[in-house]
Amino acid sequence: MELRQLRYFLVVADELHFGRAAERLHLTQPPLTVAVRRLERELGVQLFDRTTRRVTLTAAGQAFKERIQAAVSDIDDAAGDVADVAAGKSGKIRVGFVSSASYTTVPEAIRAFRQQRPRIDLVLNPLTSGEQIEQLLDGNLDLGLIRDPGDIPGLNLELLSTEDLVVVLPDTHHLAAAKEIRPQDLEGEPMIPFPYRLMPVFVTRVLRLFDALRTPPIVVQQAIHQETVLGLVAAGLGISVLPESVQRFQMPGVTTRRFVSRPQTELHVARAFGHSPAVDDFILCLKGEIPT
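About the cut-offs
Residues numbered from 1 in each chain as written. Predicted model: local features only at pLDDT ≥ 70, side-chain atom pairs only at ≥ 80, totals over all residues. Heavy atoms only, no water. Salt bridge = Lys/Arg side-chain N within 4 Å of Asp/Glu carboxyl O. Helix = DSSP H or I, 4+ residues; strand = E, 2+ residues; numbered from the N terminus. Buried < 20%, exposed > 50% of the residue type's maximum accessible area, 1.4 Å probe, protein only. 1 Å grid on protein atoms, 1.4 Å probe; cavity = no way out; pocket = protein on both sides within 12 Å on 5 of 7 lines; lining within 4 Å. Points joined across faces, edges and corners; volume = space filled by probe spheres on them. Nonpolar A, V, L, I, M, F, W, Y, C, P; charged D, E, K, R; others polar. Phe/Tyr/Trp six-rings, centres within 6.5 Å; stacked < 30°, edge-to-face > 60°. Pairing = 2+ DSSP bridges. Right-handed = clockwise from strand over helix to strand, strands pointing away.

A.B. asks: Looking at this structure, I do not really get the pattern of salt bridges. What am I missing?
C.D. replies: A side chain with one charge may pair with a side chain of the opposite charge, provided their charged atoms come close. A complete count under the given rule lists 17 salt bridges for this structure. Between Asp142 and Arg94 there is a salt bridge; the shortest N-O distance is 2.9 Å. Taken together, the residues span a long stretch of sequence, with Asp142 in the loop between helix 6 (129-138) and strand 5 (143-147) and Arg94 in strand 3 (residues 91-97) at a distance of 48 residues. Residue classification places Arg94 among the partly exposed residues on the basis of a relative accessible area of 24%. Between Asp148 and Arg205 there is a salt bridge, with the nearest N and O atoms lying 2.9 Å from each other. One end of the pair, Asp148, is in the loop between strand 5 and strand 6 (155-170); the other, Arg205, is in helix 7 (residues 200-207), with 57 residues separating them in the sequence. Three or more residues are tied together by salt bridges with common partners; here these are Asp164, Glu180, Glu244, Arg258 and Arg262.

A.B. asks: I'm lost on empty space enclosed by the protein in this one. Help?
C.D. replies: Empty space among the atoms can be located by rolling a probe the size of a water molecule over them. Within this structure, the stated rule accounts for two cavities of 30 Å³ or more. The space that makes up the largest cavity amounts to roughly 80 Å³. What lines the largest cavity is Val98, Ser99, Ser100, Leu127, Thr128, Arg147, Phe194, Met199, Ile224, His225, Gln226 and Pro243. A breakdown of the residues in the lining of the largest cavity according to their chemical character gives six nonpolar, five polar and one charged.

A.B. asks: Looking at this structure, how should I read the packing of aromatic side chains?
C.D. replies: The geometry of two aromatic rings is summed up by the distance between their centres and the angle between their planes. The full count for this structure, using the stated rule, is six aromatic pairs. Between Phe194 and Phe202, the aromatic rings sit 5.7 Å apart at their centres with planes inclined by 50 degrees, giving tilted as the arrangement. Assessed through its relative accessible area of 2%, Phe202 is described here as buried. Chaining the aromatic ring pairs together yields one cluster made of Phe9, Phe18, Phe48 and Phe64.

A.B. asks: I'm lost on the pairing of strand 4 (residues 120-126) in this one. Help?
C.D. replies: Note on strand geometry: in a regular strand, side chains alternate between the two faces of the sheet. Taken together, the seven bridges between strand 3 and strand 4 define a ladder with parallel strand orientation. Counted as the bridge partner of Arg94 is Val123 from strand 4. The parallel pair strand 3 and strand 4, bridged by helix 5 (residues 105-116), forms a crossover whose chirality is right-handed.

What is shown is where atoms sit, not what they do.
Here it is as structure tokens:
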């Protein structure tokens with residue numbers, strides 16, 4: 001039994017006239033008649049009563065029509081859905097992002113993407129860079145926004161933005177009144193970084209700011225998310241070094257100051273190698289461009 005035979009049957013069942021059905025199908029009548037008879041032989045039942053004056057459905061034909069109409073419609077819908085997914089017009093994208101990206105790039109990109117691709121479901125996962133790298137390599141994420149990723153075999157990386165690093169201080173700290181800060185000003189200060197295993201390159205970049213100090217800042221606590229770091233700083237537990245975009249998060253009891261040397265951090269888009277129109281379109285939105 002072929003899908004083509006089922007389509008032929010449904011048109012004949014709709015028209016109840018082989019000539020009109022053949023016209024709708026852009027066929028001559030003989031091959032249509034042969035196809036229907038072959039379907040009847042395969043089913044072992046008669047689907048139509050035929051006379052010289054009219055064609056009617058048998059009881060078996062009526063029951064068969066009712067059963068296969070939905071099935072053929074589902075097949076047509078599935079074919080259309082698959083084509084839309086392949087073209088990037090529908091489907092699902094699993095996106096990971098570091099918490100700092102939620103203050104800058106991510107919100108506007110989501111709004112723009114949903115306007116342009118409303119049939120694509122965005123599954124958003126706030127994750128550290130290390131967690132994203134693992135899930136991207138395992139195939140559990142389609143795209144990630146990673147801070148200072150370094151070189152990662154197996155992933156395609158594209159620089160999205162660069163921003164300064166800033167010192168985050170309790171607003172009661174003696175350095176809160178300073179206009180700018182030097183690394184040596186933070187000698188021996190209690191510090192709250194991210195865990196190295198979850199943000200290795202970013203943490204390395206921060207710690208290298210203090211390589212020349214006799215007594216670098218002392219790690220007193222680690223926190224996974226930027227909001228948690230801010231809360232611990234506000235509580236007076238220590239200082240931290242975070243991307244400048246943290247200033248958009250209004251945490252009471254916290255102030256930020258620039259470094260004199262203006263060290264920077266990079267936000268990258270990471271994805272597995274391969275082609276996905278939907279992922280390509282979301283990356284365009286991350287860049288502030290509009291997909292066509």
